Amino acid sequence: MKKRIPFLIVVLVAILWSSCRKDFDVTQLPTGHLEFEKDTIYLDTIFTGISSSTYRFKVYNRSDEAIRIPTIHLAAGANSFYRINVDGRTGNTITNTMINAQDSLFVFVESTIDFAQVVNPLYEDKLLFDNDTDSQEVVLVSLVQDAHFLYPSRDAQTGEIGTVSIGVDGNGDDVLIEGFELPNDYTFTADKPWVIYGYCVVPDNKTLTIDSGAQVHFHNNSGLIVNQGASLQSNGTLANPVLIQGDRLEPEYENIAAQWGIIWLRDGSVSNTINYTTIKNGTVGLLVESAVVPSSTQLTLTNTQLYNFANYGLLAQTANVKGTNMIINNCGQSAFAGVFGGNYNFMHCTFANYWQGGLRTDPAIYLGNFLETTTGNITNDLQAASFTNCIIDGNNALEFVLDNDNTALFNCSFTNTMIKFDDYQHLYDSDPLYDFTNGTLFVNCLLNEDADFRDAYENDLIIGADSAGNGLGNASGASQVPADILGVNRTTSPDIGAYQHIIF
């Protein structure tokens, strides 16, 4: 009997303790007794017909008694464009929801809104938490945009999505990806955004024009391909730039790489020009390829910014590219890679790489004149790679790699350029390509000096008063690019890089 007493005492104590707990005493929802993590939920901007991200918030019961909420429902009822989920239950109205004393529950909200069915593009509804006589509310707000949508066709019988060929494999079979061709010459206007699903192909010998102020949004696994003889003309201006990015517009996607694929200027594309255009948040910003270096410039980039790419900002293979007032930053591999030779000319450009998405082993700038194969290197002349008044910088010690096979031409030069190359391990002491005293390769260059970016990790590469290159730009180069990317005159005292400095 004595052995049972402790057990009986434990049971008795447990019963008495549980009888004192208030969350077993359920009360009807008293007015104002709920607290909300947020009283207004902004679901941000979405395109018509595209589901938003799912947003969540907490509802708290701060009282010492469990609360029963008779109904949680959307004010617009079945006509609401919002959907809710309360602790795993979905519907326009959720009944008899319990919150224990000093506890909380999660509410999840998402939306799909048809622009044509709303009077005000700033769409609102309310989520009501009702008792018998009164209610509390959380306001739901979304901005919905109308858009032009381009996407592959779908076979009515088989359901198969349309494809385009991007070449042939080793067996001579077509390599197909989901996509579509534009009809003839085409223009992306600025009247409303363009949302693209799959790969949009500019057909042979046709031109895609992007008007100033236009916004182009690529869905996941989507992009743009410019075929042989075809051309891309992105005509942004300082006042009305072009924006190219993914189709998720919520703040958490603002600077996330790999949301879409690539802009691919294929071998034989001609006279591509990109001016006052921001391209961001893809896998590769621009891939420019050619089997033979074109005699004329294949791509001209002016006043253009490329940010947040899982691999490369600008990847060029045997291409002819010219860039002025160009900025590239935040890439998983290189900001600019010129591989397998080519012809490149850059003036007043800022090549930075402050990637934070993982380990990065590639430099901000890579130049090479060969490709590695299983049977050995295939070489091709690097006819010219000229950098004048440029910044080459990043968060690695070595942001500058020259890869010469020595059996093909490797012609490069750097004039009045800031270069980040901190060879603290002395790995390249004997390599003549890194002899920064060689006046043939390096003229008035600054090594391992502070660029004084305002906030490189946030893609804000404006330079300040302490930038080491202030006033040290080559005058001849500045005369060819007389204004910086913001339109500021630089002819009298040119700073190195795409920006003239400011006082922070």
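That block above? That's the structure.
**Quick look at the overall build of the protein chain**
Here comes step 1: Scanning the protein chain for helices and strands turns up 2 helices and 42 strands.
Here comes step 2: Over its C-alpha atoms the protein chain spans a radius of gyration of 30 Å, topping by over 25% the 23 Å that the globule rule assigns to 504 residues.
Here comes step 3: In terms of its C-alpha atoms, the protein chain occupies a principal-axis envelope of roughly 95 × 65 × 55 Å.
Here comes step 4: Counting the 504 residues in the protein chain, one finds 48% classified as buried.
Here comes step 5: Excluding contacts between residues fewer than 6 apart, the proportion of contacts in the protein chain whose partners are at least 24 apart in sequence is 67%.
Here comes step 6: Carbon and sulfur atoms make up 49% of the accessible area of the protein chain, which amounts to about 23,200 Å² in all.
Here comes step 7: Taking the average place of the 24 positive charges on the side chains of the protein chain and the average place of its 57 negative ones, the gap between the two points comes to 15 Å.

**Some thoughts on the environment of Asp 134**
Here comes step 1: Take Asp 134: it is sitting in the loop between β10 (122-130) and β11 (135-145).
Here comes step 2: Accessibility expressed as a relative area gives 37% for Asp 134, which makes it partly exposed.
Here comes step 3: A C-alpha to C-alpha distance of 55 Å links Asp 134 and Asn 311, two positions 177 residues apart in sequence.

**Here we look at the packing of aromatic side chains**
Here comes step 1: Evaluated as defined, the whole model comprises 29 aromatic pairs.
Here comes step 2: Residues Tyr 354 and Tyr 457 carry aromatic rings whose centres are separated by 5.2 Å and whose planes lie at 80° to one another, so their mutual orientation is edge-to-face. Here Tyr 354 is found in the loop between β30 (350-353) and β31 (365-368), whereas its partner Tyr 457 is found in the loop between β41 (453-455) and β42 (460-463), with 103 residues between them in sequence.
Here comes step 3: Judged by relative accessible area, Tyr 457 falls into the partly exposed class, the value being 38%.
Here comes step 4: By the ring-pair criterion, three or more aromatic residues cluster together here, those being Phe 336, Tyr 344, Phe 346, Phe 351, Phe 387, Phe 400, Phe 414, Phe 421, Tyr 428, Tyr 434, Phe 436 and Phe 442.
Here comes step 5: Against the face of Tyr 60 rests Arg 62, its NZ or CZ located 4.1 Å from the ring centre.
Here comes step 6: If you follow Arg 266 out to its NZ or CZ, it ends over the ring of Trp 264, 4.8 Å from the centre.

**Let's talk about the nonpolar core**
Here comes step 1: Counting 76 residues, the largest nonpolar core has Leu 314, Phe 336, Phe 346, Phe 351 and Leu 367 as its most contacted members.
Here comes step 2: Considering each element in turn, this core owes the most residues, 8 residues, to strand β27 (residues 305-324).
Here comes step 3: Phe 346 has contacts with Leu 314, Val 321, Gly 323, Met 326, Phe 336, Phe 351, Ser 386, Phe 387, Thr 388 and Cys 390, leaving out every residue within four places of it along the chain.
Here comes step 4: Ranked by size, the runner-up nonpolar core spans 29 residues in total, among them Phe 57, Tyr 82, Ile 113 and Val 118.

**As for the sheet that holds strand β7 (residues 89-90)**
Here comes step 1: Strand order in this open sheet of 5 strands is β2-β4-β9-β6-β7, and the pairing throughout is antiparallel. Sheet topology places β2 (34-36) and β7 at the edges, where each strand pairs with a single neighbour.

**Regarding the side chain of Asp 484**
Here comes step 1: Tracing the backbone shows Asp 484 in the segment after α2 (475-480).
Here comes step 2: Of the side chains bearing the opposite charge, Arg 490 lies closest to the buried Asp 484, which forms no salt bridge; the N-O distance is 5.3 Å.
Here comes step 3: Separated by 2.9 Å, the side chain of Asp 484 and the backbone nitrogen of Gln 500 make a polar contact.
Here comes step 4: In this view, Asp 484 contacts Tyr 276, Asn 303, Asn 325, Arg 490, Ala 498, Tyr 499 and Gln 500; residues no more than four positions away in its chain are not counted.

**Side note on unusual backbone geometry**
Here comes step 1: Although it is not a glycine, Asn 221 sits at a positive phi angle of roughly 60°.
Here comes step 2: Topologically, Asn 221 is positioned in the loop between β19 (215-218) and β20 (223-226).
Here comes step 3: Phi is positive for Asn 459, which is not a glycine, with a value near 60°.
Here comes step 4: Mapped onto the elements of the fold, Asn 459 is located in the loop between β41 and β42.
Here comes step 5: A relative accessible area of 9% means that Asn 459 is categorised as buried.

**Things to note about empty space enclosed by the protein**
Here comes step 1: Following the criterion strictly, the structure yields 2 cavities of 30 Å³ or more and no others.
Here comes step 2: There is about 50 Å³ of room inside the largest cavity.
Here comes step 3: Thr 45, Ile 46, Phe 47, Ile 50, Ser 51, Ser 52, Asp 247, Arg 248, Leu 249 and Glu 250 together form the lining of the largest cavity.
Here comes step 4: Partitioned by chemical class, the residues of the lining of the largest cavity number 4 nonpolar, 3 polar and 3 charged.
Here comes step 5: Here the second largest cavity defines a volume of roughly 30 Å³.
Here comes step 6: Of all the secondary structure elements, the ones that give two or more residues to the lining of the second largest cavity are β18 (207-210) and β19.

**What to know about the pattern of salt bridges**
For side chains bearing opposite charge, pairing can occur when the charged atoms are close.
Here comes step 1: A full pass over the atoms with the stated rule returns 8 salt bridges.
Here comes step 2: With a closest N to O distance of 3.6 Å, Glu 137 and Lys 126 form a salt bridge. You can see Glu 137 sitting in strand β11 and its partner Lys 126 sitting in strand β10, a full 11 residues away along the chain.
Here comes step 3: Across the salt bridge formed by Lys 192 and Asp 146, the nearest N and O atoms sit 3.1 Å from each other. Highlighted residues: Lys 192 in the loop between β15 (186-188) and β16 (194-196) and Asp 146 in the loop between β11 and β12 (148-150), separated in sequence by 46 residues.
Here comes step 4: Given the relative accessible area of 27%, Lys 192 is considered partly exposed.
Here comes step 5: Classification of Asp 146 as partly exposed rests on a relative accessible area of 26%.

**Focus: the pairing of β11**
Here comes step 1: Pairing of strand β3 (residues 40-47) with β11, which is carried by 6 bridges, proceeds in the parallel orientation. The residue bridging Thr 40 from the neighbouring strand is Val 139, located in β11.
Here comes step 2: Strand direction decides the pairing type here: β10 and β11, joined by 9 bridges, are antiparallel. Paired with Phe 129 across the two strands is Gln 136, which belongs to β11.

**Section: the environment of Thr 374**
Here comes step 1: With respect to the secondary-structure elements, Thr 374 resides in the loop between β32 (370-373) and β33 (376-379).
Here comes step 2: The spacing of Thr 374 and Thr 350 is 24 residues in sequence and 35 Å in space, taken between C-alpha atoms.

**A closer look at a nonpolar patch on the surface**
Here comes step 1: On the surface, a cluster of nonpolar side chains totalling about 260 Å² of accessible area is made up of Leu 238, Leu 486 and Val 488.
Here comes step 2: In this structure, Val 488 sits in the segment after α2.

Calculation rules
- Residues numbered from 1 in each chain as written.
- Predicted model: local features only at pLDDT ≥ 70, side-chain atom pairs only at ≥ 80, totals over all residues.
- Heavy atoms only, no water.
- Helix = DSSP H or I, 4+ residues; strand = E, 2+ residues; numbered from the N terminus.
- Rg over C-alpha atoms; globule rule 2.2 N^0.38 Å.
- Buried < 20%, exposed > 50% of the residue type's maximum accessible area, 1.4 Å probe, protein only.
- Contact = heavy atoms within 4.5 Å.
- Areas by Shrake-Rupley, 256 points an atom, 1.4 Å probe, with all protein chains shown as cover.
- Lys, Arg positive; Asp, Glu negative; His and termini not counted.
- Charge placed at Lys NZ, Arg CZ, Asp CG, Glu CD.
- Phe/Tyr/Trp six-rings, centres within 6.5 Å; stacked < 30°, edge-to-face > 60°.
- Lys NZ or Arg CZ within 6 Å of the ring centre and 35° of its normal.
- Core = buried A, V, L, I, M, F, W, Y, C linked by side-chain atoms within 4.5 Å.
- Pairing = 2+ DSSP bridges.
- Salt bridge = Lys/Arg side-chain N within 4 Å of Asp/Glu carboxyl O.
- Polar contact = N/O pair within 3.5 Å; in protein donor to acceptor, adjacent residues only side chain to side chain.
- 1 Å grid on protein atoms, 1.4 Å probe; cavity = no way out; pocket = protein on both sides within 12 Å on 5 of 7 lines; lining within 4 Å.
- Points joined across faces, edges and corners; volume = space filled by probe spheres on them.
- Nonpolar A, V, L, I, M, F, W, Y, C, P; charged D, E, K, R; others polar.
- Patch = residues over 30% accessible without salt bridge, like charges linked within 9 Å, V, L, I, M, F, W, Y side chains within 5 Å.

On their own, these measurements won't tell you what the molecule is for.
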